[in-house]
Each structure stands twice: as C-alpha cells, then as structure tokens.
Amino acid sequence: MAVAPVIIQSAAKHTSTLIFLHGLGDTGHGWATTMGMIRTPDMKVICPTAPTIPVTLNAGFRMPSWFDLKTLDIGGPEDEDGIKNATKNVHELIRSEIQAGISANRIMLGGFSQGGALALYAALTFAEPLAGVMALSCWLPMHKNFPGALKCPNTVPILQCHGDCDPVVPYKFGQLSSSVLKTFMKNSQFQSYRGLSHSSSEAELEDMKKFIEKYVRRQ
C-alpha cells in the first residue's frame, strides 16, 4: 500500500507547488522540513515516499526506492520499466495539482540522488512546461533516449547541483549528465560545491531558494 505523501500547506494563498523526491532508502519526511524552509509563502510542498521494493544494488534488500537500481555505473543497465512507471506516478501528482487550479508553469519538481534522477526524467517527459526542476547529486536516467524522448519545451529551467567529493553518485556523472542536457535544453545550469559529499549544504539550499524565487515568482 502506498504511503501518503508529506504535505506542507502554503503559508499564504496557494498559487504554486513544489514536488520533491527523496533519495534511495529515505522517505518523504527526509526533505519536507528543509523544502518548507526555502519555499515561497504561496508554495505548497509535496514530498511523496517511494514504494518499498527489492533493490539489486543493495543485494536485493527491500527499501523505499522509486525504481530498481542495478548499478551506479554510468553505462550500466537501467530499470527502464521501473523508471517509466515511477514517472507516470510523478506525472499524476503534477496533474492533480493542475486540476486543483495550479498552472503547470507554477509547479516545480525537485529531488535528491535517485529522486533527482526521477525528477529530471519526469520533467523532461511532461508535455507542459513546468516552472523548473532542481536535480541534486544525481544523473540523467536513460540519457541515450534524449533528445528523442523530450516532450517538454526546451526552455524549462534546470538547476543541477553536485558536490565534487560525492562517493555515491560520482561528480563526473553529474557533469556528464549536464553536458548531455545542455545539448538540447536552453536553460540548464550546473552548480558545483567544493568538498561536499553525497549530501546537501547551506550554499546549495541558498541556490535552490534563489532558483525557486526566480522561476516561481509570488503572484
């Protein structure tokens, strides 16, 4: 049974939404408070929890995971069906916000690690232009399918953030993904954080806050 997402209602009149996806083995609670701190007052935050599934990378142990991870090698096999199914669920979350009266260009996607990878893929394959996507310490899944798989306009803003001492998702993978994105997306930026491992930092959160304020201006 699906775990209900963590929702932080907007402090002012609700005119925008941030959907943020956690990393492997975490839950929606892991990032909710942090996202609540950097959002604009009119923004509702939705932090869903991934289903608990066996993960190949972790010897088949069951844990919250958006899709199966077979390897963290950039050229390795990927759980394509799992990524596509997870993307459908993210698209449903976006559509439910649109049905509630929030326009697509007032909805921002974000995520950390595996959640960041899913946020990137989901934003790029959603036909309507979102406000932007914040992809932290992650990679672009099924990168060989792009730009063919691209459904969003090539103007959707992307903020990629990565620590240069990341031992889990190597910094090099983030850089390679950024290079691929820049070949077909016009507004993609890559921010490096010196000495940062597979985690977040004050500097990164400040950059995210500025990104939100720039692309989801208060109405």
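Since this is a predicted model, take the numbers as computed values, not measurements.

Further remarks concern the domain arrangement of the chain. Looking at the chain, the domain boundaries give domain 1 (50-101) and domain 2 (125-218). Taking the mean C-alpha position of each, domain 1 and domain 2 sit 18 Å from one another. At the junction of the two partners, domain 1 supplies 14 residues and domain 2 supplies twelve residues. Roughly 1200 Å² is buried in total at the junction of domain 1 and domain 2, and carbon and sulfur atoms are behind 76% of that figure. The three residues of domain 1 that bury the most area against domain 2 are Leu 72, Ile 74 and Glu 78, which together make up 46% of that side's buried surface. Here domain 1 and domain 2 share zero salt bridges between them. Split by residue class, the side of domain 1 that touches domain 2 holds seven nonpolar, two polar and five charged.

Below, the discussion takes up the side chain of His 91. For His 91, the location among the structural elements is in helix H2 (residues 80-99). Setting aside its immediate chain neighbours within four residues, His 91 contacts Ala 122, Thr 125 and Phe 126.

Let us look at the state of the cysteines. Applying the stated criterion across every chain yields a total of zero disulfides. Summary of cysteine pairing: Cys 138 is not part of a disulfide, and the nearest cysteine sulfur, belonging to Cys 161, is at 9.0 Å.

Bringing the packing of H2 against helix H3 (residues 114-124) into the picture now. Where H2 meets H3, the axes come as close as 9 Å, and the angle between the chain directions of the two elements is 70°. In terms of their interaxial angle, H2 and H3 are classed as roughly perpendicular. Note on element contacts: H3 touches H2 through Leu 118, Tyr 121 and Ala 122, opposite Ile 83, Lys 84, Ala 86, Thr 87, Val 90 and His 91. Tallied by class, the residues present in the contact of H2 with H3 amount to six nonpolar, two polar and one charged.

A few words now on the nonpolar core. In terms of nonpolar packing, the biggest core is built from 43 residues, with Ile 94, Leu 109, Leu 120, Leu 124, Leu 130, Leu 181 and Met 185 touching the most fellow members. At the level of elements, strand E2 (16-21), H2, strand E6 (107-112), H3, strand E7 (132-136) and helix H4 (171-184) are the ones that each hand at least two residues to this core. Among the elements that take part in this core, H3 stands out by supplying eight residues, more than any other. Residue contributions to this core reach at least three from each of two domains, namely domain 1 (50-101) and domain 2 (125-218). In this structure, Val 6, Trp 31, Cys 161 and Met 208 belong to the second largest nonpolar core, which totals 24 residues.

Attention now goes to the sheet that holds strand E9 (residues 188-193). If you walk across this open sheet you meet the seven strands as E1-E3-E2-E6-E7-E8-E9, and the pairing is mixed. One side of each edge strand has no neighbouring strand; the edge strands of this open sheet are strand E1 (6-8) and E9. Across this sheet, the average inter-strand angle for adjacent strands is 15°, counted without regard to direction. As paired elements, strand E8 (residues 158-163) and E9 share six bridges and run parallel to each other. Considered in E9, the bridge of His 162 is made with Ser 192. Helix-sheet contacts for H2 involve E2, strand E3 (43-47) and E6, and the interaxial angle to E6 is about 150°.

Parameters and conventions
Residues numbered from 1 in each chain as written. Predicted model: local features only at pLDDT ≥ 70, side-chain atom pairs only at ≥ 80, totals over all residues. Heavy atoms only, no water. Domains from an automatic or database assignment. Contact = heavy atoms within 4.5 Å. Buried area = accessible area lost by both parts, 1.4 Å probe. Salt bridge = Lys/Arg side-chain N within 4 Å of Asp/Glu carboxyl O. Nonpolar A, V, L, I, M, F, W, Y, C, P; charged D, E, K, R; others polar. Helix = DSSP H or I, 4+ residues; strand = E, 2+ residues; numbered from the N terminus. Disulfide = S-S within 2.5 Å. Axes fitted to C-alpha atoms, helices over the stretch in contact; angles between N-to-C directions. Parallel < 35°, antiparallel > 145°, perpendicular 65-115°, else oblique. Core = buried A, V, L, I, M, F, W, Y, C linked by side-chain atoms within 4.5 Å. Buried < 20%, exposed > 50% of the residue type's maximum accessible area, 1.4 Å probe, protein only. Pairing = 2+ DSSP bridges.

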